[in-house]
Amino acid sequence: MPHTQDISQAIFSQLNTQQGAAVAHVDGPALILAGAGSGKTRVLTARIMNLLQQGVAPWNILAVTFTNKAAGEMRQRIRSRLGPVASDIWIGTFHSIALRILRIECHHIGYESDFVIYDPADGLKVVTKVLKRLNISAQTMPAKKALGIISSLKNSGYRPDDLESASTLDTTVIAPVFREYQKLMLSFNAMDFDDLLLNLKEILYHSSDVLQKYQQKFRYIHVDEYQDTNQVQFEILHLLAGQHRNLFAVGDDDQSIYRFRGATIENILNFEQHYPNTAIFKLEQNYRSPQSILDCANSIISRNPRRHPKQLFSDLGPGEKIGLKVLPSADDEASFIVGEIQQLLSDGFAPSDIAVLYRTNAQSRLFEALLLRRGIPYRVVGSFEFWKRKEIQDVLAYVSLIANPRDIQAFERVVNYPLRGIGAASVEKIVSLAVDSGRPVLEAAALMAADLRGKARQSIENFLEFLASFQGGQDYLISDMIEEIVRKAGIDKDIRNREDEHQAQSRLENIGELISAATAFEKERPAEQITLSHFLEEINLGIETRQNTQEGVSLLTIHSAKGLEFPVVFLSGLENTLFPSPMSMGNQFAQEEERRLMYVAVTRCQEKLFLTRAQSRTMFGKTTFCGESMFLRDIPQELLHKL
DNA sequence: TTTGTTAGGGTTTTT
DNA sequence: CCCTAACAAA
């Protein structure tokens, strides 16, 4: 058993003066302005360990991050130093923490605790249904646009009843859609991503008992990437920290890149107004990159007008020049990068040392194809594409329906898939009965079947019986259950009938991968967490069950690269049609955010940075020509080395 | 009710 | 280019 002194020593010995001061801070609000690569995560982890050292109970500590990856990393670090105590600390993304509380408290707002989470694709279907029901044409209000408006309203903290006060927006069209959408979601016992936050705020705000319970529990609250909090997240934190005022916020205004999701950079800029007597700590020493990288980053970010001025410095020497390569086409860009990667690998770099960054997910395809062909291991970070595959969604809809008999979206998806003779007309009847009577859709189906005769009745009854045979998933291994669903419902047969052999094979392989994900889930989770709803939410919140630990070259968007670092970084697609995004044109705030995004990208690099652009790119089968990104003109020539 | 054909639309970024 | 939604025919 090491002495207290030794542990303290171990905590502080690896920190510089400013880091140490921040870590030693115990009571009262604190804001840590931490530049890129200045050891944010290290400070957060050390701070938590110091609290424990001071006698704070682990279950009184909350740590919130933005990505599951960041949460996992922090938990890992703390666990490796402290052992199992770490599991009593609540560490997670805003969404997963909210979910955890909502599972316990959601009855306050009329939800049942086995509610399911809808992703934006599900949400879009619900909005489409609402628009149809309200007789609003796609020209007046496209579903996608409606969903977008609803989402940003929710991110700003508005519910349908509050819309009169949202006077900046013309809400005459959207208000009834918004209202009906929320009503349907409640009747489906489903929440979308925004609801997780909004509903938590709602409960904390209206139930003082619940608020007090969690205020007392979370005596010490930590938030990473505070610059990316939105209004609702701000309010949740403000409520939770209301009693003890122990909010420890870490962030960097230069790295705020979630404006599109409602992040308000003002939250960090005005922190002291919200929390008087805040202790402020600045971390300006960069431990990640040499000077050339920092100079490059600074040449980009210094052109933004609204920011906390700060001076990053590094001990790591002058560094290499930044490679710049212009190529005729996107294919050439990919083969150039993969060629360089091969060279680096033979020079002794490991695949995991290397990352290829891009602005949009679609850009990953070319790299994937080429890396695969050359046999270089790679992983696509944070890609949700797999879960969106039709066959996966079909199987998951069965699972979801077994877990939650109110999930109308899932019901509609699979009631007649594979074809079993239950047509649109019957489905419509069942659904309206369910919605109007507030009954679970499966119950409504049973009632409706009783009124029918012949084949339709038989089909519905068989379908319900089939679902019931899984008994809500009890006594089933999830992986076994999926296998059984696929076989007994005839999904495998349907795939083989419908597709050519090659396609069918690959779809069945995808289902196989889903089954291995379930197996992995069952292996990793403690027994009490192996439930259908836990499994579904893990998939929906993007927690990585799929083999993501595998070594390889990382392919990722700049957004998902935030918080990560790599010895070698390729930043691709520096074109005026891609980055800064053309969507940001004409909007000063959006342009500033693109610039911060560029800053984040450059500062991921520890050693070698390559910038590339293509002069033409094929989109939707059409080739367009593209000029250079404005960011390239901002970098001083002497930092660049043309390849 | 099911199957086949076709026109149109889709690419920011994440939980 | 590729996938989906909408429509027509069986």
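- The name an unreviewed UniProt entry gives chain A is DNA 3'-5' helicase, with Desulfurispirillum indicum as the organism.
- In its Sequence similarities (unreviewed entry) section, the UniProt entry covering chain A states "Belongs to the helicase family. UvrD subfamily."

### Some remarks on helix α6 (residues 120-133)
No. 1: Helix length check: α6, at 14 residues, gives a terminal C-alpha distance of 20 Å against a target of 20 Å (1.5 Å per residue), a fit within 8%.
No. 2: Summarising the contacts, the buried residues of α6 are in contact with β4 (116-118), α7 (143-155), α8 (174-187), α18 (390-403) and α19 (408-414).
No. 3: Where α6 ends, the next residue or the one after it, N135, has phi of about 60°, a positive value.

### Brief notes about empty space enclosed by the protein
No. 1: On inspection of all chains with the given rule, the structure shows two cavities of 30 Å³ or more.
No. 2: Approximately 70 Å³ is the volume found for the largest cavity.
No. 3: The wall of the largest cavity is formed by L62, V64, F94, I97, A98, I101, L197, L200, I236, L237 and L240.
No. 4: Residue assignment for the lining of the largest cavity shows that the elements contributing at least two residues are β2 (61-65), α5 (94-105), α9 (193-206) and α11 (231-240).
No. 5: Broken down by element, the residue count for the lining of the largest cavity peaks at four residues, all from α5.
No. 6: Considering only residue class, the lining of the largest cavity consists of eleven nonpolar, no polar and no charged.
No. 7: Here the second largest cavity defines a volume of roughly 30 Å³.
No. 8: Around the second largest cavity, the lining residues are L33, G35, K282, L283, E284, H308 and K310.
No. 9: Of the residues contributing to the lining of the second largest cavity, the split by class is two nonpolar, two polar and three charged.

### Focus on the sheet that holds strand β3 (residues 90-93)
No. 1: Strand order in the open sheet formed by six strands is β3-β2-β6-β7-β1-β8, with parallel pairing between adjacent strands. A strand with exactly one partner marks an edge of an open sheet, and here the two such strands are β3 and β8 (279-283). Put simply, the sheet's adjacent strands are angled 15° from each other on average, direction ignored.
No. 2: In this sheet, strand β7 (residues 247-251) lies alongside strand β6 (residues 220-223) in parallel orientation, the contact comprising three bridges. In the sheet register, H222 faces β7, and the bridge partner there is F248.
No. 3: Packing against the sheet, helix α2 (residues 17-24) makes contact with β1 (30-34), β7 and β8, and its axis sits at approximately 150° to β8.
No. 4: Against the sheet, α5 contacts β2, β3 and β6, and its axis sits at roughly 120° relative to β3.

### Observations concerning the protein's contact with DNA strand B
No. 1: Neighbouring DNA strand B are 27 residues; K144, R359, N361, L419 and G421 lie closest to it.
No. 2: Residue N361 places a main-chain N or O atom 2.5 Å away from a phosphate oxygen belonging to DNA strand B.
No. 3: For DNA strand B, a phosphate oxygen lies 2.9 Å from a polar atom in the side chain of T557.
No. 4: In terms of residue class, the surface near DNA strand B is made up of eleven nonpolar, 13 polar and three charged.

### Section: the packing of aromatic side chains
Each aromatic ring pair is specified by the distance between its two centres and by the angle formed by the two planes.
No. 1: Under the defined criterion, the tally for this structure stands at 18 aromatic pairs.
No. 2: Residues F66 and F94 carry aromatic rings whose centres are separated by 5.6 Å and whose planes lie at 65° to one another, so their mutual orientation is edge-to-face. Residue F66 is located in the loop between β2 and α4 (68-82), and its partner F94 is located in helix α5; the two are separated by 28 residues in the primary sequence.
No. 3: Residue classification places F94 among the buried residues on the basis of a relative accessible area of 6%.
No. 4: Centre to centre, the rings of Y226 and F271 are 5.3 Å apart; their planes meet at 85°, and the pair counts as edge-to-face. One end of the pair, Y226, is in the loop between β6 and α11; the other, F271, is in helix α13 (residues 271-274), with 45 residues separating them in the sequence.
No. 5: Three or more aromatic residues joined by ring pairs make a cluster, and in this case those are Y398, F411, F463, F466, F470 and Y476.
No. 6: Sitting above the plane of the Y258 ring, R261 keeps its charged end 4.4 Å from the centroid.
No. 7: One cation-aromatic arrangement involves K390 over Y417; the distance from NZ or CZ to the ring centre is 4.2 Å.

### Remarks on the sheet that holds strand β13 (residues 378-380)
Two orientations exist for strands paired in a sheet by backbone hydrogen bonds: parallel and antiparallel.
No. 1: Across the sheet, seven strands lie side by side as β13-β14-β12-β15-β16-β11-β19; this open sheet has parallel pairing. In this open sheet, the two edge strands, each paired with only one partner strand, are β13 and β19 (640-642). Pairs of neighbouring strands in the sheet enclose a mean axial angle of 25°, with direction left out of account.
No. 2: By the bridge criterion, five bridges tie strand β11 (residues 322-327) to strand β16 (residues 605-614) in an arrangement that is parallel. What sits directly across from L324, in β16, is L611.

### A word on unusual backbone geometry
No. 1: For the peptide bond that leads from Y417 to P418, omega is -10°, which places it in the cis range.
No. 2: Tracing the backbone shows P418 in the loop between α19 and α20 (424-437).
No. 3: For the peptide bond that leads from F579 to P580, omega is 10°, which places it in the cis range.
No. 4: Looking at the secondary structure, you find P580 in the loop between β15 (566-571) and α28 (588-602).
No. 5: Phi at N135 is positive, roughly 60°, even though this residue is not glycine.
No. 6: With respect to the helices and strands, the residue N135 is situated in the loop between α6 and α7.
No. 7: For N277, which is not a glycine, the phi torsion comes out positive at approximately 65°.

Thresholds, definitions, all that
- Residues numbered from 1 in each chain as written.
- Chains lettered and ligands numbered in written order.
- Predicted model: local features only at pLDDT ≥ 70, side-chain atom pairs only at ≥ 80, totals over all residues.
- Heavy atoms only, no water.
- UniProt positions renumbered as here; feature names shortened; annotations may be inferred.
- Helix = DSSP H or I, 4+ residues; strand = E, 2+ residues; numbered from the N terminus.
- Expected span 1.5 Å × (residues − 1).
- Contact = heavy atoms within 4.5 Å.
- 1 Å grid on protein atoms, 1.4 Å probe; cavity = no way out; pocket = protein on both sides within 12 Å on 5 of 7 lines; lining within 4 Å.
- Points joined across faces, edges and corners; volume = space filled by probe spheres on them.
- Nonpolar A, V, L, I, M, F, W, Y, C, P; charged D, E, K, R; others polar.
- Pairing = 2+ DSSP bridges.
- Axes fitted to C-alpha atoms, helices over the stretch in contact; angles between N-to-C directions.
- Near = heavy atom within 4 Å.
- Polar contact = N/O pair within 3.5 Å; in protein donor to acceptor, adjacent residues only side chain to side chain.
- Phe/Tyr/Trp six-rings, centres within 6.5 Å; stacked < 30°, edge-to-face > 60°.
- Buried < 20%, exposed > 50% of the residue type's maximum accessible area, 1.4 Å probe, protein only.
- Lys NZ or Arg CZ within 6 Å of the ring centre and 35° of its normal.

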